[in-house]
Amino acid sequence: MFTAVLRELAGPYPLLPFVQEPWFLREPIARHLLTAWEQTTRRVVRVEALDELHATRDDYQAVLLGHLRILDGYLTLMCRFGGEPPHGEVVNHLAHNRDLLQRHYESLFPRWKTQDDLGAILREQHDD
């Protein structure tokens, strides 16, 4: 089920950035997802709606894994068939975005199993 919190994290439709080709030349998807996480988690902490965010755990994990797999696929194709520059810049951009998303994923999963785990993660991330 696509909840309001998941829509906030992933956008109105998780694959929207990939529909607008060539997405990878114009918009760093990692920046979009990381900014959405930051904004959503700050709001969730502020309004004490941790349960709503925790309810999206499996779906949000699927969104991140899906984006990582898509980036892996583009990287494979670009590295194998991309030819000479300017494709090298695209490969570097894709690799950078993939690295950012992988680090974000690893900062959450597999630590985030329970709502208490999520609370601890958010306290670490938003410790001002």
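For the structure, check the block above.
Quick caveat, the model's predicted, so the values are computed rather than measured.

Our focus in this paragraph is the nonpolar core. Core analysis: the largest hydrophobic core is formed by 29 residues, its most contacted members being W37, L53, Y60, L64, L101, L108 and W112. Breaking this core down by element, the ones donating at least two residues are α1 (4–10), α4 (29–47), α6 (57–81), α7 (87–108) and α8 (115–125). No other element matches the 7 residues that α6 contributes to this core. In contact with L64, other than residues within four places in its own chain, are L33, L101, H104, Y105, L108 and F109.

Moving on, we come to the environment of R31. Along the polypeptide, R31 turns up in helix α4. R31 sits in the partly exposed class, given a relative accessible area of 47%. Measuring from C-alpha to C-alpha, the distance between R31 and L100 comes to 8.3 Å, with 69 residues separating the pair along the chain.

The rules behind each value
Residues numbered from 1 in each chain as written. Predicted model: local features only at pLDDT ≥ 70, side-chain atom pairs only at ≥ 80, totals over all residues. Heavy atoms only, no water. Core = buried A, V, L, I, M, F, W, Y, C linked by side-chain atoms within 4.5 Å. Buried < 20%, exposed > 50% of the residue type's maximum accessible area, 1.4 Å probe, protein only. Helix = DSSP H or I, 4+ residues; strand = E, 2+ residues; numbered from the N terminus. Contact = heavy atoms within 4.5 Å.

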